[in-house]
Amino acid sequence: MKHFLDIADWSSADLWDMLNIARVLKEQYKTKGANKPLLKGKALGMIFQKPSLRTRVSFEMAMQHVGGHALYLSPQEIGLGKRESIADVARVLGSYVHIIMARTFEHEHVLELAQWSPVPVINGLTDYNHPCQAMADMLTIYEEFGRLEGLHLAYVGDSNNVATSLMMAAAQFGMQMTIGSPPGYQPKEEVIEKAFRLSRGRLSVGVTSDPVAAVQNADVVYTDTWTSMGQEEEAERRRQVFPPYQVNAELLKHAAPHAIVMHCLPAHRGEEITDEVADGPQSRLFPQAENRLHAQKGILVYLLEDAGQLTKKSRQRFEKIVQVIRGQE
Ligand code: CP
Ligand code: NVA
């Protein structure tokens, strides 16, 4: 049994399999209007310590599309670590459901859930990272360019949880990455080193405080909120620091002419991104949000493959999964 907590925990072959399963399931859903009930009778327990639109609804609908069921558990209901210890929540919830997704503040809380859970745990965002988002983003970029290797991803803004997972994804999928963040908001050295090691020395991560230099000739320009959930009391200070890092039409002129713009959402329009760019021809914000649904189906099916009708044999896995998905079509 393996958890999905960090893009760095998996091999790039596994990650490609998850993406390819997502692509097959997406195509099937788009062309046939439904998926095979691959996870019939399976239940996902979703623990949320923070608000969510995309993560909650896309996981719930993903399970529904493949014949399973999802349960939303609000912060008040569970009282993770307060009403009950994390270890006890993991063991009890894991005895009712087949897979758990958790969104927490502290990354250690998701790690602790995974340590005690008898079923796989998926990280639905922590203060440290957001791996499901990065998988949906890789799917979106792949659909745009037909490849990932060698593309230049520029991230402009706060080097937060989303940026961390993008760095790990860039390392795993052979992309180059540049980060344009103000001093004090740049990625930690240990995160850059982790991504570099993961890429076996292939990843070049440029970190600069110059947003124009960051997006120079980029294929993808990515941004996220200046103030993440849990940092609300810093919002005013951040509003003073980040305006030069706004993704607007002027900044976009320095990216490659074919560049696409991405944002994990929710967006604070007029702050990190302008309406003109968010709603402009280069924006992929909404296909990207939709891809959360498809990418997560790939992750769920991959993690639960040995719980159902699918076989477990390493490299034959993907072909077998695709065969089962396509069934008697
Ligand atoms: N991008 C994302 O995770 O959105 P939610 O916070 O709405 O889930
Ligand atoms: N960085 C943001 C992402 C929201 C999906 C946050 O953590 O609030």
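You'll find the structure just up there.
Summarised in this report is the structure supplied together with it. The shown structure was predicted, so the numbers you read here are calculated from the model rather than taken from an experiment.

**Side note on the site of ligand 1**
With respect to spatial proximity, the complete set of residues near ligand 1 consists of Ser52, Leu53, Arg54, Thr55, Arg103, His130, Gln133, Cys264, Leu265 and Arg292. A distance of 2.6 Å separates an oxygen atom of ligand 1 from a polar side-chain atom of Ser52. With respect to ligand 1, the backbone of Leu53 contributes an N or O atom lying 2.6 Å from an oxygen atom. Contact with the protein chains covers 96% of the free accessible surface of ligand 1, which is 260 Å².

**A word on the sheet that holds strand 7 (residues 205-208)**
Overall, parallel pairing links the five strands, which are arranged 7-6-5-8-9 in an open sheet. Looking at strand neighbours, the two that pair on one side only are strand 7 and strand 9 (260-263), the edges of this open sheet. The mean angle between the axes of side-by-side strands here comes to 20°, regardless of whether they run parallel or antiparallel. Taken together, the four bridges between strand 5 (residues 152-156) and strand 8 (residues 220-223) define a ladder with parallel strand orientation. Along strand 8, the bridge assignment pairs Tyr155 with Tyr222. Taken strand by strand, helix 7 (residues 161-173) contacts strand 5, strand 6 (176-180), strand 7 and strand 8, and its axis lies near 160° from that of strand 6.

**Concerning the sheet that holds strand 1 (residues 43-48)**
Taken together, the four strands give an open sheet; going across it, the order is 2-1-3-4, and neighbouring strands pair in parallel fashion. Unpaired on one side and paired on the other, strand 2 (69-73) and strand 4 (121-123) mark the two borders of the sheet. Pairwise comparison of adjacent strand axes, ignoring direction, gives a mean angle of 20° for this sheet. With five bridges connecting them, strand 1 and strand 3 (residues 99-103) associate as parallel partners. Across the sheet, Ile47 pairs through a bridge with Ala102, a residue of strand 3. Across the sheet, helix 2 (residues 54-65) touches strand 1, strand 2, strand 3 and strand 4, and the angle it forms with strand 1 is around 175°. Lying on the sheet, helix 4 (residues 86-96) is in contact with strand 1, strand 2 and strand 3; it crosses strand 3 at an angle near 140°.

**Structural notes on the nonpolar core**
If you look at the biggest cluster of nonpolar residues, it comprises 69 residues, and the most contacted ones within it are Phe4, Leu44, Ile122, Met135, Met138, Met177 and Leu300. Top element by residues in this core is helix 7. It accounts for nine residues. When residues no more than four places from it in sequence are discounted, the contact partners of Leu300 are Leu39, Leu44, Phe59, Ala62, Met63, Ile99 and Ile122. Counting residues in each nonpolar core, the second largest holds 21 residues, with Tyr245, Val247, Leu252 and Ile273 among its members.

**A look at the pairing of strand 6**
In terms of residue burial, strand 6 counts as a mostly covered element, since four of its five residues are buried. The handedness of the strand 5 to strand 6 crossover, carried by helix 7, is right-handed. Where strand 6 meets strand 7, four bridges bridge the pair, whose relative direction is parallel. Each residue of the ladder has a partner; that of Ile179, found in strand 7, is Val207. In the classification by handedness, the crossover that spans strand 6, the intervening helix 8 (residues 189-198) and the parallel strand 7 is right-handed.

**So, the packing of aromatic side chains**
Enumeration over the complete set of coordinates arrives at nine aromatic pairs. Each ring, one from Phe48 and one from Tyr72, has its centre 5.5 Å from the other, and the planes form 40°; the classification is tilted. Linking Phe48 in strand 1 with Tyr72 in strand 2, this pair joins segments that are 24 residues apart in sequence. For Phe48, a relative accessible area of 0% translates into the label buried. Site record: aromatic cluster; members linked through ring pairs are Tyr185, Trp226, Phe242 and Tyr245. It is Arg56 that lies over the ring of Tyr72; its NZ or CZ is 3.9 Å from the centre. Over the ring of Tyr29 we find Lys297, and its NZ or CZ is 4.4 Å from the ring centre.

**Topic: the pattern of salt bridges**
Summed over all chains, the structure comprises 15 salt bridges. In this structure, Asp275 and Arg269 form a salt bridge, with 2.8 Å as the shortest nitrogen-oxygen distance. Here Asp275 falls in the partly exposed class, since its relative accessible area comes to 43%. By relative accessible area, Arg269 is classed as partly exposed at 37%.

**Observations regarding the environment of Gln76**
Topologically, Gln76 is positioned in helix 3 (residues 75-78). Gln76 sits 12 residues away from Asp88 along the chain, and the two C-alpha atoms are 16 Å apart.

What counts as what
- Residues numbered from 1 in each chain as written.
- Chains lettered and ligands numbered in written order.
- Predicted model: local features only at pLDDT ≥ 70, side-chain atom pairs only at ≥ 80, totals over all residues.
- Heavy atoms only, no water.
- Near = heavy atom within 4 Å.
- Polar contact = N/O pair within 3.5 Å; in protein donor to acceptor, adjacent residues only side chain to side chain.
- Areas by Shrake-Rupley, 256 points an atom, 1.4 Å probe, with all protein chains shown as cover.
- Pairing = 2+ DSSP bridges.
- Helix = DSSP H or I, 4+ residues; strand = E, 2+ residues; numbered from the N terminus.
- Axes fitted to C-alpha atoms, helices over the stretch in contact; angles between N-to-C directions.
- Contact = heavy atoms within 4.5 Å.
- Core = buried A, V, L, I, M, F, W, Y, C linked by side-chain atoms within 4.5 Å.
- Buried < 20%, exposed > 50% of the residue type's maximum accessible area, 1.4 Å probe, protein only.
- Right-handed = clockwise from strand over helix to strand, strands pointing away.
- Phe/Tyr/Trp six-rings, centres within 6.5 Å; stacked < 30°, edge-to-face > 60°.
- Lys NZ or Arg CZ within 6 Å of the ring centre and 35° of its normal.
- Salt bridge = Lys/Arg side-chain N within 4 Å of Asp/Glu carboxyl O.

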